[in-house]
Amino acid sequence: LDEHTLNDIAIIGAGGYVGSSLVESLVLDGDVSVRAVVRAYRHFARLCRFGSAVTIAVADAEDSVSLIPAIQGASVVINLTTGSPRGIIRSTQAIFEACVRANVRRLIHLSSAVVYGEVSSATVTDDTPPPTKHWMPYATAKAVSEVWLRERLGAAPLEITVLRPGIVWGVRSPHTVDIVKRLLNKTAFLVDRGQGIFNGIYIDNLLASIRACCDHPSGVDGFFNVADAEPVSWREFFAALAIDLDFELDSLPRVPGDRFPWSKNAAVDYVQSLPVANSLYHRFKHSIPPSLKSALRSQLAGPYEYHRFARSYAKKPQVDRETWHLQKVRHKLPTTKFARHFRFSAPVSFREGISKTVSWLSFLGLTKRLPHCVGQPQT
Amino acid sequence: VNWLVDPNAANSRAMQASFRRATIDTDLTSLWTHGSPDLTLVLSPAHLHSTHSIAALEHNSHVLCEKPMATTVADCDQMLAAARRMDRVLAVGMIRRYFPAFASLAHLVHSGELGKIQSFDYREGKQFDWDVTTPAAFQRRFHGGAGVLFDIGPHAIDLLGWLFGTSEVLFYADDALSGIESNVAMELQLDLSRGRVNLSWDSPLSNELRVFGSKAEAVLRLDCFDRLAVSTSSQFTERRTSVSFPADVERPCRVWISPTDYHQAMYCQLIQTVRAIRLHEAPAVDEELGRHCVSVMEKALSIARPLDTPWLSTTRQAAFRGLHWTSTH
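What counts, and at which threshold
Residues numbered from 1 in each chain as written. Chains lettered and ligands numbered in written order. Predicted model: local features only at pLDDT ≥ 70, side-chain atom pairs only at ≥ 80, totals over all residues. Heavy atoms only, no water. Helix = DSSP H or I, 4+ residues; strand = E, 2+ residues; numbered from the N terminus. Rg over C-alpha atoms; globule rule 2.2 N^0.38 Å. Buried < 20%, exposed > 50% of the residue type's maximum accessible area, 1.4 Å probe, protein only. Contact = heavy atoms within 4.5 Å. Areas by Shrake-Rupley, 256 points an atom, 1.4 Å probe, with all protein chains shown as cover. Lys, Arg positive; Asp, Glu negative; His and termini not counted. Charge placed at Lys NZ, Arg CZ, Asp CG, Glu CD. Salt bridge = Lys/Arg side-chain N within 4 Å of Asp/Glu carboxyl O. Buried area = accessible area lost by both parts, 1.4 Å probe. Polar contact = N/O pair within 3.5 Å; in protein donor to acceptor, adjacent residues only side chain to side chain. Nonpolar A, V, L, I, M, F, W, Y, C, P; charged D, E, K, R; others polar. Pairing = 2+ DSSP bridges. Right-handed = clockwise from strand over helix to strand, strands pointing away. Core = buried A, V, L, I, M, F, W, Y, C linked by side-chain atoms within 4.5 Å. Axes fitted to C-alpha atoms, helices over the stretch in contact; angles between N-to-C directions. Phe/Tyr/Trp six-rings, centres within 6.5 Å; stacked < 30°, edge-to-face > 60°. 1 Å grid on protein atoms, 1.4 Å probe; cavity = no way out; pocket = protein on both sides within 12 Å on 5 of 7 lines; lining within 4 Å. Points joined across faces, edges and corners; volume = space filled by probe spheres on them. Parallel < 35°, antiparallel > 145°, perpendicular 65-115°, else oblique. Left-handed = near helix turned anticlockwise from the far one by under 90°.

1. Observations concerning the overall build of chain A
Step number 1: The number of helices and strands found in chain A is 13 helices and 11 strands.
Step number 2: Relative to the compact-globule value of 21 Å for 379 residues, chain A shows a C-alpha radius of gyration of 21 Å, a close match.
Step number 3: Projected onto its principal axes, the C-alpha positions of chain A cover 60 × 50 × 45 Å.
Step number 4: The 379 residues of chain A split such that 55% are buried.
Step number 5: Summarising the internal contacts of chain A: among those between residues at least 6 apart in sequence, 81% fall at separations of at least 24.
Step number 6: Carbon and sulfur atoms provide 54% of the accessible area of chain A, an area that totals close to 16,300 Å².
Step number 7: Separation of charge centres in chain A, based on 44 positive and 34 negative side chains, amounts to 7 Å.

Rendered as structure tokens:
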């Protein structure tokens, strides 16, 4: 172990997708002490398999007083929290304050490439300040949090590294599962023939980026875009999954990119994205009875697809605004600053990431090929 | 409901809003000094089921014990012995026995409508979202009782046993290191069929049971009370199901319910337990079926191996296998 390595790592938001994947990688790599900080006991479900290898604490990420005992003594704190837009800003501030008061040496904050929207200019760099007004409240909150941290960069008694991953895809990614389910149900679509940039980072590449920040001896202050090495279009991303998911890429419905096609689901999305509605939703989402949630969800989802692989493509797919915008990204964000500063190259290639993802999808039963087992159903 | 017992009185007080005449106690032993209830519902954590059930049975109370019946077959046997010695009913709560779609699938399989059953595929999982108030469900116990196997497993094993007869575990793998598992893959051989079971606390599985017969394929949505689909050619036809269960304690029964939600299904389960006590009918899941379910899980743990994780790097796969609980026990 390098003497400069900071080896007591606290992960706030460890019960989420990236958090639990990071915990797994750190435990299996085995040379650091891992503390997982979660908001509620239900998040233990994803972490309990590690047993004594991980210390789990419950704390409110929006309350620095609550956080201090959970991170006291840690050398690095990684902020992987998410939540309501207002909560994202509040937790950014509370985690920073808790780090200062607990004498944490380094804070790694996960922002998002979504702060640059469709990346309409090729001149956007890691240090281009993001716009703080965006149609998506999540993007606005991430951008405002960046601005708040930028004002403290260099002046704070701790090092601050802000990483901007794009779409985190691959094993256990909710985003990938969502895409795959749409492809299986044949309700997926391509905007502008899929020429937009799939601004993604395979989960293991993101975890390796975070680890590089932990292991770097010093001078890590700054904002860094992180992504896969290869530029990949949406068409190429879908094509890589086509064989295992049994769909014909050329049969996917095409959606124009010049004007957003409104639909029932898109209207619901739009209402949810309004600041007031969004705030109310995040405030009351845990008190909505599961039966009502399920009824609303199934109403919006339409008829249930009983075939493992749908036979025909949706003539008029339900287009949601977020996917539509993501498929309209024009440029790959540059990652040379991160590569140079941390001497980093993404360890997993796009092809390898697809292969690993397909093996996981097969475990979930979402591919044509199911993993070998005795008495396996015919597919 | 006369008594609500929970070590945390706040939990009982919350329930007291629905049962205003009930007395609250934090200690089970003091309950028996006030006499014996006719029926005790054992809803405590799984590792306490046998202790609490045996205490109730030995105080002359009938018992409806939540699934799983216990965490070991040895505990089940002690519960069985106590029920027989005291001549009391010991029923096991398996709420899904009262879901109309599940009962309809059992009818389809047993009536031969699907033809000769060839195999099945059971997948149930999503990110765990039960708003638990303690971490008790996530702590490893030597004899099991926690983890996704003991949480969702009893539902799967009971349903498959109901449909296809008694089970034998051919293969079991999970992802627990020194803690408890959140993902499970199993293969079961049953009297009528053979197939796979996948359970997860962190991955979005299909939440379906697919039954492949020589004449037709059936799909049961595990999160749905009253819908079932059958495919006889290339097309699935969705059927709305209605299966009525007794809703009174009369013989012959005059009131029937086809449950459409959890409350109604729970009510029917309770009524059937009371009918078992008063009218000597069989509960949906008796102590033998409850014991069988635990024996399947116990056997599974005895042949456990690390889950296959080809999506991890080679180095991490080796570390995972080395740290898996079966390697360190």
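2. Points about the pattern of salt bridges
As a working rule, side chains carrying opposite charge can pair if their charged atoms are close by.
Residues and elements named next belong to chain A.
Step number 1: Across all of its chains, the model carries 37 salt bridges over all chains by this definition.
Step number 2: The residue Asp31 makes a salt bridge to Arg211 at a minimum N-O spacing of 2.9 Å. Here the residue Asp31 occupies a position in the loop between helix H1 (17-29) and strand E2 (33-38), and Arg211 occupies one in helix H6 (residues 203-215), the gap between them amounting to 180 residues.
Step number 3: We classify Asp31 as partly exposed; its relative accessible area is 35%.

3. Comments concerning the interface of chain B and chain A
Step number 1: Each side of the interface is counted separately: chain B has 55 residues, and chain A has 44 residues.
Step number 2: Buried surface at the junction of chain B and chain A, both sides included, amounts to about 4,200 Å², of which 57% is carbon and sulfur.
Step number 3: When the buried area of chain B at its contact with chain A is split by residue, Arg196, Trp311 and Arg316 of chain B rank highest and sum to 18% of it.
Step number 4: Linking chain B with chain A are four salt bridges, by the criterion used here.
Step number 5: Across the pair Arg316 of chain B and Asp29 of chain A runs a salt bridge whose closest N-O atoms are separated by 2.8 Å.
Step number 6: For the interface between chain B and chain A, the tally reads 18 residue pairs in polar contact (both at pLDDT 80 or more).
Step number 7: Taken together, the elements giving at least two residues each to the side of chain B that touches chain A come down to strand E6 (117-125), strand E8 (183-190), strand E9 (194-200), strand E10 (208-213), strand E11 (217-221), strand E12 (227-231), strand E13 (236-240) and helix H10 (314-323) of chain B.
Step number 8: Here the side of chain B that touches chain A is built from residues that sort into 25 nonpolar, 15 polar and 15 charged.

4. Considering helix H2 (residues 64-71) of chain A
Residues and elements named next belong to chain A.
Step number 1: Along H2, the residues classified as buried are Ser64, Leu67, Ile68, Ala70 and Ile71.
Step number 2: In this structure, the buried side of H2 is in contact with strand E1 (8-12), E2, strand E3 (54-58), strand E4 (76-79) and helix H3 (85-101).
Step number 3: Directly after H2, the chain includes Gly73, whose backbone phi takes a positive value near 95°.

5. Some details on helix H3 (residues 49-58) of chain B
Residues and elements named next belong to chain B.
Step number 1: Counting buried positions along H3 yields seven of 10 residues, so the element is predominantly enclosed.
Step number 2: Among the residues of H3, His49, Ser50, Ser53, Ile54, Ala55, Ala56 and Leu57 are the ones counted as buried.
Step number 3: For H3, the elements touching its buried residues are helix H2 (28-32), strand E3 (39-42), strand E4 (62-66), helix H4 (73-86) and strand E5 (90-93).
Step number 4: Backbone geometry just downstream of H3 places Asn60 in the positive-phi region, at approximately 70°.

6. Observations regarding the pairing of E3 of chain B
All names here are of chain B.
Step number 1: Only one face of E3 is buried, namely the one carrying Thr40 and Val42, since none of Leu39 and Leu41 on the opposite face is buried.
Step number 2: Relative to E4, E3 is paired through four bridges, and the arrangement is parallel. Bridging from a neighbouring strand, Leu39 pairs with His62 of E4.
Step number 3: With respect to chirality, the unit in which E3 leads through H3 into the neighbouring parallel E4 is right-handed.

7. Some words on the nonpolar core
Most often, soluble globular proteins keep nonpolar side chains buried together rather than apart.
Step number 1: With 165 residues, the main nonpolar core has Ile11, Ile78, Phe237 and Phe238 of chain A together with Leu105 and Leu209 of chain B as its most contacted residues.
Step number 2: Listed in part, the 25 residues of the second largest apolar core include Ala74, Ala98, Ala102 and Leu158 of chain A.

8. Digging into the environment of Gly166 of chain A
Residue and element names in this part refer to chain A.
Step number 1: As for its position among the elements, Gly166 is in the loop between strand E6 (159-165) and strand E7 (167-169).
Step number 2: Residue Gly166 is classed as buried on the basis of its relative accessible area of 19%.
Step number 3: Distance in space between the C-alpha atoms of Gly166 and Cys48 is 29 Å, their sequence separation being 118 residues.
Step number 4: When sequence neighbours within four positions are dropped, the list of residues in contact with Gly166 reads Ala113, Asn199, Ile201 and Val226.

9. Overview of the sheet that holds E12 of chain B
All names here are of chain B.
Step number 1: The sheet built from nine strands is open, its strands ordered E13-E12-E11-E10-E6-E9-E8-E7-E16 with mixed pairing. On the outer flanks of this sheet lie E13 and strand E16 (305-306), each paired with one strand and no other.
Step number 2: Bridging between strand E7 (residues 167-174) and E8 involves seven bridges; their strand directions are antiparallel. Each residue of the ladder has a partner; that of Ala173, found in E8, is Ala185.

10. Section: the sheet that holds E6 of chain A
Residue and element names in this part refer to chain A.
Step number 1: Strands sit in the order E3-E2-E1-E4-E5-E6-E10 across an open sheet of seven strands; the sheet is parallel. Both edges of this open sheet fall to E3 and strand E10 (222-226), since each of them pairs with a single strand only. Strand-to-strand twist of the sheet, defined as the mean angle between neighbouring strand axes without regard to direction, takes the value 20°.
Step number 2: The sheet contact formed by strand E5 (residues 106-110) and E6 spans five bridges and is parallel. Within E6, the residue paired with Leu107 across the bridge is Ile160.

11. A few points about the side chain of Ser209 of chain A
Residue and element names in this part refer to chain A.
Step number 1: By the element assignment, Ser209 lies in helix H6.
Step number 2: When its relative accessible area of 1% is taken as the criterion, Ser209 is described as buried.
Step number 3: Not counting chain neighbours up to four residues away, the residues in contact with Ser209 comprise Leu163, Ile201, Val226, Phe338 and Phe344.

12. Some words on the packing of aromatic side chains
Step number 1: Counted under the stated rule, the structure contains 31 aromatic pairs over all chains.
Step number 2: Between Trp169 of chain A and Tyr202 of chain A, the aromatic rings sit 5.0 Å apart at their centres with planes inclined by 65°, giving edge-to-face as the arrangement. Here Trp169 of chain A is found in strand E7, whereas its partner Tyr202 of chain A is found in strand E9 (residues 200-202), with 33 residues between them in sequence.
Step number 3: Judged by relative accessible area, Trp169 of chain A falls into the buried class, the value being 0%.
Step number 4: With a relative accessible area of 1%, Tyr202 of chain A lands in the buried category.
Step number 5: Centre to centre, the rings of Phe128 of chain B and Trp201 of chain B are 5.1 Å apart; their planes meet at 70°, and the pair counts as edge-to-face. In this pair, Phe128 of chain B is assigned in the loop between E6 and helix H6 (147-151) and Trp201 of chain B in the loop between E9 and E10, connecting sequence segments 73 residues apart.

13. A word on empty space enclosed by the protein
Step number 1: Within the structure shown, the criterion is met by nine cavities of 30 Å³ or more.
Step number 2: If you add up the space inside the largest cavity, you get close to 120 Å³.
Step number 3: Forming the walls of the largest cavity are 13 residues, and the residues nearest its centre are Glu24, Arg172 and Asp204 of chain A together with Trp311 and Leu312 of chain B.
Step number 4: Every element with two or more residues in the lining of the largest cavity is listed here: H1 and H6 of chain A.
Step number 5: Quantified by volume, the second largest cavity comes out at close to 90 Å³.

14. Considerations on the packing of H3 of chain A against helix H4 (residues 137-150) of chain A
Residue and element names in this part refer to chain A.
Step number 1: Contact pair H3 / H4: the axes reach a minimum separation of 8 Å and the direction vectors enclose 20°. Taken together, the axes of H3 and H4 are roughly parallel relative to one another. Handedness of the crossing formed by H3 with H4: right-handed. Only Pro137, Tyr138, Ala141, Lys142, Val144, Ser145, Trp148 and Leu149 of H4 make contact with H3, whose side of the interface consists of Pro85, Ile88, Ile89, Thr92, Gln93 and Phe96.
Step number 2: Looking at the contact of H3 with H4, its residues break down into 10 nonpolar, three polar and one charged.

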